[in-house]
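Listed here are the chains, written in short residue letters.
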Amino acid sequence: MSQNGSRPTALITGGTSGIGLATARILHEQGFAVLVTGQNPQTIAAAQRSLPGEIAVLRADARILADADRVSGELKQRFGRVDFAFLNAGIIRLLPLEAVDEAAFDEHFDINVKGQFFALQKILPLLAEGGSVLFTSSVGAHRGFPGWSVYSATKGAIAALVRAVAAELAPRGIRVNALCPRAIDTPAFDKLALPAEAIAALRQGIPRSLPLGRPLGTAAEVAEVVAFLASPGARYITGTTIEVDGGMSSTANVIDATGLRSN
């Protein structure tokens, strides 16, 4: 966090919808100066309409290093430093192994791994001593599901990256963690490239597997966890993954992305 008494600052990539958007709101409410990025013109326009005017919304493609440079430059000009970086941009396309072509493979790794790696690299000079970095991971990093091969590989890479970068940045007092949200009702459900009936089955079936016996989690609930990890209260947490899934990971029987049960 800032040591000079001024407002803490935050970057949120993938911040124009879902968990990223909800996080922008809560961090702003807690006094952060916030810059969010997104790539989709529709979600960018919607975010600009719905977010407080003080929050900067910038179009940036995670695959393009020049955009990462531009985001870093904007952060330097607006804030001078970054206290918290939530590297949340990502995609998921569920495909059987035989259907994965080079374009799909490259798209996943370019956005989910390369984009997040270089987003962090470009802001390294701006990261404040004692700051915090949070990547979005996935249950796919440590559990297997049909159709998740490429997506899971990217999230496995992020899990390994978090551990390495946490060790590398520890001398600067910078904490690096991953967030693993699951069973959360966000627009990501509608981007799974599944038939509408399969998505509806997921929305109905997943809550039945939650130990808490409640509906799907919300983006706002996950954002509260993100805000905690950005705060001094999380100063002793680094190099780990925080699961936010209503206890789903602790159950032996869960619904997978195909609507079938996985033991």
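Worth saying up front: this structure is predicted, and the values here are computed from it rather than measured.

Asks: Can you tell me about the nonpolar core, naming the residues and giving the values?
Replies: Residues Leu-27, Val-34, Val-36, Leu-51, Phe-84 and Phe-86 are the most contacted members of the largest nonpolar core, which totals 30 residues. Elements represented by at least two residues in this core include exactly β1 (9-13), α1 (18-29), β2 (33-38), α2 (41-50), β4 (82-87) and α7 (219-230). The dominant element in this core, judged by the number of residues it contributes, is α7, at 7 residues. In this structure, Val-133, Phe-135, Ile-158 and Ile-174 belong to the second largest nonpolar core, which totals 28 residues.

Asks: Tell me about the environment of Lys-155, and please be specific about residues and values.
Replies: Looking at the secondary structure, you find Lys-155 in helix α5 (residues 149-169). The exposure class assigned to Lys-155 is buried, which follows from its relative accessible area of 4%. Separated by 142 residues in sequence, Lys-155 and Thr-13 have C-alpha atoms that sit 16 Å apart. A distance of 2.9 Å separates a polar side-chain atom of Lys-155 from the backbone oxygen of Thr-136.

Asks: Got a sec to walk through the packing of helix α3 (residues 65-78) against helix α4 (residues 102-123)? Specific residues and values, please.
Replies: Where α3 contacts α4, the two axes come as close as 9 Å, and the packing angle between them is 35°. Crossing of α3 over α4 shows right-handed handedness. Together, Leu-65, Ala-68, Asp-69, Ser-72 and Leu-75 of α3 and Lys-114, Phe-118, Lys-122 and Ile-123 of α4 make up the contact between the two elements. Tallied by class, residues from the contact of α3 with α4 come to 5 nonpolar, 1 polar and 3 charged.

Asks: Explain the sheet that holds β2 to me, using residue names and the numbers behind them.
Replies: The pairing of strands in a sheet happens through backbone hydrogen bonds and is either parallel or antiparallel. What the 7 strands build is an open sheet, ordered β3-β2-β1-β4-β5-β6-β9; its pairing is parallel. The outermost strands of the open sheet, each flanked by one partner alone, are β3 (56-59) and β9 (241-244). Across this sheet, the average inter-strand angle for adjacent strands is 20°, counted without regard to direction. Relative to the sheet, α5 contacts β5 (127-136) and β6 (175-181), its axis offset from that of β6 by approximately 155°.

Conventions and cut-offs
Counting restarts for each chain, with residues numbered from 1 along the sequence as it is written. Given that the model is predicted, a residue must reach a pLDDT of at least 70 before its local features are reported, and side-chain atom pairs must reach 80 or more before they are shown or counted; all residues, however, enter totals for whole chains, interfaces and linings. Hydrogens and water are ignored here; the side-chain numbers use all heavy atoms of the structure. Nonpolar cores are built from buried Ala, Val, Leu, Ile, Met, Phe, Trp, Tyr and Cys residues. Side-chain atoms within 4.5 Å join them into one set. Note on exposure labels: buried denotes an accessible area under 20% of the residue type's maximum, exposed denotes more than 50%, and partly exposed covers the range between, all computed with a 1.4 Å probe on protein chains only. Strands are runs of DSSP state E lasting at least two residues, helices are runs of H or I lasting at least four, and both sets are numbered from the N terminus onward. Here a polar contact is recorded for every N or O atom pair within 3.5 Å, except that within protein the pair must consist of a potential hydrogen donor and a potential acceptor, and residues adjacent in sequence are included only if both atoms are side-chain atoms. Every axis in this analysis is a line fitted to C-alpha atoms, fitted for helices over the stretch in contact. Angles between the N-to-C directions lie between 0 and 180 degrees. Helix crossings fall into two classes, left-handed where the near helix is turned counterclockwise from the far one by less than a right angle and right-handed where it is turned clockwise. In what follows, a contact means two residues having at least one pair of non-hydrogen atoms within 4.5 Å. Gly falls in the polar group here, along with every residue not listed as nonpolar (Ala, Val, Leu, Ile, Met, Phe, Trp, Tyr, Cys, Pro) or charged (Asp, Glu, Lys, Arg). Strands qualify as paired when DSSP identifies two bridges or more between them.

Distances and angles like these do not, on their own, reveal function.
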